[in-house]
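Fold and geometry: a report
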Amino acid sequence: MPQRSTEDALYALTQHIDSKLKQKKIVTMISLDIEGAFDSAWWPAIRVRLAEERCPINIRRVIDSYLRGRRVRVRYAGQEYSKRTTKGCVQGSIGGPILWNLLLDPLLKGLEKRGDYCQAFADDVVLVFDDDTGLEISRRANAALAYVREWGVRNKLKFAPNKTKAMVITKKLKYDSPLLTMGGIDIGLSDEIKVLGLTIDKGLTFNAHVTNTCKKVQGLYKQLCRAAKVSWGLHPQIIKIIYTAVVEPVVLYAASAWAPATKKLGVRKQLNFIQRSFAQKIAKAYRTVSSNSAMILAGILPLDLRVQESAALYMAKRGVFHQLPGDRSIEVKLNYAEQQQEHPACRIAIDYSCLENPPSESTIGHSSDQAFIYTDGSKIEGKVGAAVSIWEGGAEIKSMKLKLESYCTVFQAELYALDAATKWALKCTKSEIWILSDSRSALDLIKSGRVAHPLAYDIRRNIGAVQAQGRTVKLFWIKAHVGNAGNERADSLAKQAALNTKTTATYSACPVSFAKITIRAETQNQWQQRYDEQTTASTTKVFLPNVKAAHKIMVATEITPILTQTLSGHGGFLKYLHRFKLKDSPLCKCGMARDEEPIHLLVECPRFGRQRHEFTSTSF
């Protein structure tokens with residue numbers, strides 16, 4: 001479904017269970033298994049469901065034609081066997097999930113009417129029961145399972161009791177376990193259940209999930225080791241891309257559901273163990289390099305902090321962001337179900353034209369029934385403003401200066417100005433209205449058919465309302481700062497609105513980009529505190545004491561084995577080699593009675609005084 005993912009389902013499930021545990025309830029979770037779900041979807045039941053949902057007759061005929069006369073063919077050893085089929089949704093097709101959802105929907109609504117908590121994502125169905133005693137849970141759960149089995153029989157879907165799993169989750173020390181049966185077959189209780197790729201254990205510790213994830217990542221690392229060594233193999237940038245695009249998504253999957261587990265020391269140790277290996281490969285470092293030093297040189301953040309960051313960003317996208325002051329809120333996407341979804345044939349088509357040259361009287365024409373609206377947004381000195389300049393007959397008749405909060409973006413300011421322009425167009429009486437903007441990205445968003453941005457949605461709705469009155473709204477993109485009077489006036493007003501307006505901001509929705517920056521800053525602060533407190537990476541701390549600055553430096557620097565050895569202190573230095581009894585003494589040969597290590601060689605050692613002088617004299 002649009003705007004719905006497995007993470008949404010898992011977050012809702014874990015939050016529901018956690019809320020019941022806080023009420024000191026006994027929670028029983030049951031994961032149902034449908035044998036060959038998509039392949040067993042019965043077509044007559046799908047046809048009945050289409051009729052029940054009052055699907056238009058033309059669409060029903062199309063689906064009837066799609067389902068009629070389908071055959072399954074198997075070819076093997078030069079022979080072919082063909083058989084007619086009366087069931088199944090083609091997996092991988094666009095219509096398959098829709099037909100399956102249509103078929104499964106009555107079961108979910110029926111369970112909801114019974115008062116049972118159920119959740120489904122495709123063919124994964126989960127039931128959750130809570131009560132004070134196991135006996136009461138047994139009564140309710142067995143009744144629900146009987147209802148599920150009867151529904152399956154009516155729709156020719158078979159639920160497998162042997163593969164159905166159940167688990168008791170509670171904080172009580174003493175409790176009676178529920179006895180569950182389905183179709184006369186007992187359902188055993190498990191210590192953990194895997195739902196949509198997330199392993200949930202009976203203590204909600206998520207230790208099993210972290211362990212399974214680390215094993216999976218360890219397998220990826222073993223494959224990478226074959227092609228990446230310290231002195232040869234894959235380039236560090238390639239290894240980092242693999243880590244960012246493959247490893248991190250595997251670990252961060254459903255982070256919002258299990259992020260609290262990263263507060264535990266055992267979970268952090270597991271994540272640090274697998275991350276250290278990848279960081280050493282990225283930095284071309286020796287295996288003795290510590291996790292702190294390897295991660296700084298590789299330019300990556302600790303995985304446990306990345307999990308917490310991912311969970312915080314997920315909540316921010318849902319509108320929950322505690323770093324905002326007062327009554328401010330996040331600018332969230334419009335809910336798909338709440339949008340006014342008109343028929344595709346009735347959806348208005350909005351386009352814009354590009355005016356490469358400044359519009360003049362010959363370009364725009366001259367009519368007393370025309371209005372020209374110039375819009376612009378500006379962010380200057382950390383302040384944000386937008387402006388609208390309305391022109392008729394070659395002169396400005398009205399202007400609007402709009403103030404936005406300082407954390408807003410220029411893109412928001414451009415959209416807010418266009419929104420104000422369309423609202424004015426809705427109230428005016430001119431038959432033709434031209435709206436001119438220098439923001440092509442904002443116009444592209446308005447042009448797209450389905451938009452979830454609240455401002456863009458309002459703009460499209462306003463334009464549709466104007467067109468419904470029999471009037472015309474035309475959108476144009478013009479170049480900025482090319483001498484056009486209307487555009488220059490709107491730009492000046494936008495800067496004045498940002499710098500001089502003392503009133504409260506008229507638009508205060510915080511963009512997700514600001515939340516992302518704030519969350520990353522908090523992550524870096526935690527990483528800095530951890531980096532300072534731990535005793536490892538002493539040599540690296542001399543060169544790179546600040547993790548935020550270190551990230552910028554290492555991103556712009558080509559990583560080489562020699563550079564890594566110098567910044568980490570783990571390399572061909574006498575002090576390092578003496579640790580492993582490869583040299584008799586750690587002292588430098590310069591005679592200063594100092595250990596041979598990077599800091600000494602770069603700053604003090606007289607053997608390299610000439611090179612040091614030449615370098616400093618040419619560099620500064």
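Residues numbered from 1 in each chain as written. Predicted model: local features only at pLDDT ≥ 70, side-chain atom pairs only at ≥ 80, totals over all residues. Heavy atoms only, no water.

In this section: the overall build of the protein. Helices and strands together make up the secondary structure of the protein, namely 23 helices and 16 strands. Its C-alpha radius of gyration of 32 Å places the protein more than 25% over the 25 Å reference for a compact globule of 620 residues. Principal-axis analysis of the C-alpha atoms places the extent of the protein at approximately 95 × 85 × 65 Å. Buried residues in the protein amount to 45% of all 620 residues. Across the protein, the fraction of contacts at a sequence separation of at least 24, relative to all contacts at a separation of at least 6, is 70%. For the protein, the exposed surface amounts to about 32,800 Å²; the carbon and sulfur share of it is 53%. (Helix = DSSP H or I, 4+ residues; strand = E, 2+ residues; numbered from the N terminus. Rg over C-alpha atoms; globule rule 2.2 N^0.38 Å. Buried < 20%, exposed > 50% of the residue type's maximum accessible area, 1.4 Å probe, protein only. Contact = heavy atoms within 4.5 Å. Areas by Shrake-Rupley, 256 points an atom, 1.4 Å probe, with all protein chains shown as cover.)

This paragraph deals with helix α1 (residues 6–22). Counted at 1.5 Å a residue, the expected span for α1 with its 17 residues is 24 Å, and the 24 Å between its end C-alpha atoms agrees. Buried within α1 are the following residues: Glu-7, Asp-8, Ala-9, Leu-10, Tyr-11, Leu-13, Thr-14, His-16, Ile-17, Lys-20 and Leu-21. Where α1 ends, the next residue or the one after it, Lys-24, has phi of about 60°, a positive value. (Expected span 1.5 Å × (residues − 1).)

Right, let's talk about the nonpolar core for a bit. In terms of nonpolar packing, the biggest core is built from 65 residues, with Leu-13, Ile-17, Met-29, Val-195, Ile-200 and Trp-527 touching the most fellow members. Residues Tyr-407, Cys-428, Ile-446 and Ala-515 belong to the second largest nonpolar core, which totals 45 residues. (Core = buried A, V, L, I, M, F, W, Y, C linked by side-chain atoms within 4.5 Å.)

Side-chain pairing between opposite charges can occur once the charged atoms of the two side chains come close. Scanning the model with the defined rule gives 31 salt bridges in all. Residue Arg-318 pairs with Asp-8 through a salt bridge whose shortest N-O separation is 3.9 Å. Here Arg-318 is found in the loop between α11 (303–317) and β11 (352–355), whereas its partner Asp-8 is found in helix α1, with 310 residues between them in sequence. Assessed through its relative accessible area of 46%, Arg-318 is described here as partly exposed. For Glu-136, the salt bridge is made with Arg-139, and the minimal N-O distance between the two is 2.3 Å. Placement of the pair is Glu-136 and Arg-139 together in helix α5 (residues 134–154), with a separation of three residues, close to one helical turn. (Salt bridge = Lys/Arg side-chain N within 4 Å of Asp/Glu carboxyl O.)

The next thing to look at is the sheet that holds strand β1 (residues 26–32). Strand order in the open sheet formed by four strands is β4-β5-β1-β6, and the pairing between neighbours is antiparallel. One side of each edge strand has no neighbouring strand; the edge strands of this open sheet are β4 (117–121) and β6 (165–169). With direction set aside, neighbouring strand axes in the sheet form an average angle of 15°. This element, helix α4 (residues 95–114), spans β4 and β5 (124–131) of the sheet and lies at about 160° to β4. Packed on one face of the sheet, α5 meets β1 and β5 and runs near 150° to β5. (Pairing = 2+ DSSP bridges. Axes fitted to C-alpha atoms, helices over the stretch in contact; angles between N-to-C directions.)

Here Ser-290 lies in the loop between α9 (265–283) and α10 (291–298). In contact with Ser-290, not counting residues within four places along its chain, are Arg-276, Thr-536 and Ala-537.

Let us look at unusual backbone geometry. At Ala-254, a position not held by glycine, the phi torsion is positive, near 55°. Topologically, Ala-254 is positioned in the loop between α7 (236–252) and α8 (255–258). Looking at Ala-254, the relative accessible area reads 1%, which means it is buried. Look at Ala-537: it is not a glycine, yet its phi comes out positive at around 60°. Examined against the element boundaries, Ala-537 turns out to sit in the loop between α17 (512–533) and α18 (538–543).

This part covers the packing of helix α2 (residues 43–52) against α4. Contact pair α2 / α4: the axes reach a minimum separation of 9 Å and the direction vectors enclose 80°. Taken together, the axis directions place α2 and α4 in an arrangement best described as roughly perpendicular. Contacts from Ala-45, Ile-46, Arg-49 and Leu-50 of α2 reach α4 at Leu-99, Leu-102, Leu-103, Asp-105 and Pro-106. Partitioning the contact of α2 with α4 into residue classes produces seven nonpolar, no polar and two charged. (Parallel < 35°, antiparallel > 145°, perpendicular 65-115°, else oblique. Nonpolar A, V, L, I, M, F, W, Y, C, P; charged D, E, K, R; others polar.)

A covalent bond bridging the sulfur atoms of two cysteines is what the word disulfide describes. Per the stated rule, a full pass over the model turns up zero disulfides. Left without a disulfide partner, Cys-89 is nearest to the cysteine sulfur of Cys-55, which lies 14 Å away. (Disulfide = S-S within 2.5 Å.)

On to the sheet that holds β11, then. Strand pairing in a sheet takes place through backbone hydrogen bonds and is either antiparallel or parallel in direction. Judged by pairing direction, the sheet is mixed, and its six strands sit side by side in the order β11-β16-β15-β12-β13-β14 without closing on themselves. Among the strands making up the open sheet, the edge pair consists of β11 and β14 (395–404). Neighbour to neighbour, the strand axes of the sheet diverge by 25° on average, direction disregarded. Strand direction decides the pairing type here: strand β13 (residues 383–392) and β14, joined by nine bridges, are antiparallel. Looking across to β14, one finds that Val-384 is bridged to Leu-404. Packed onto the sheet, helix α13 (residues 410–427) meets β12 (370–380), β13, β14 and β15 (432–437) and runs at close to 155° relative to β12. Where helix α16 (residues 485–500) meets the sheet, its contacts fall on β12, β13, β14 and β16 (472–478), and the angle it forms with β13 comes to roughly 145°.

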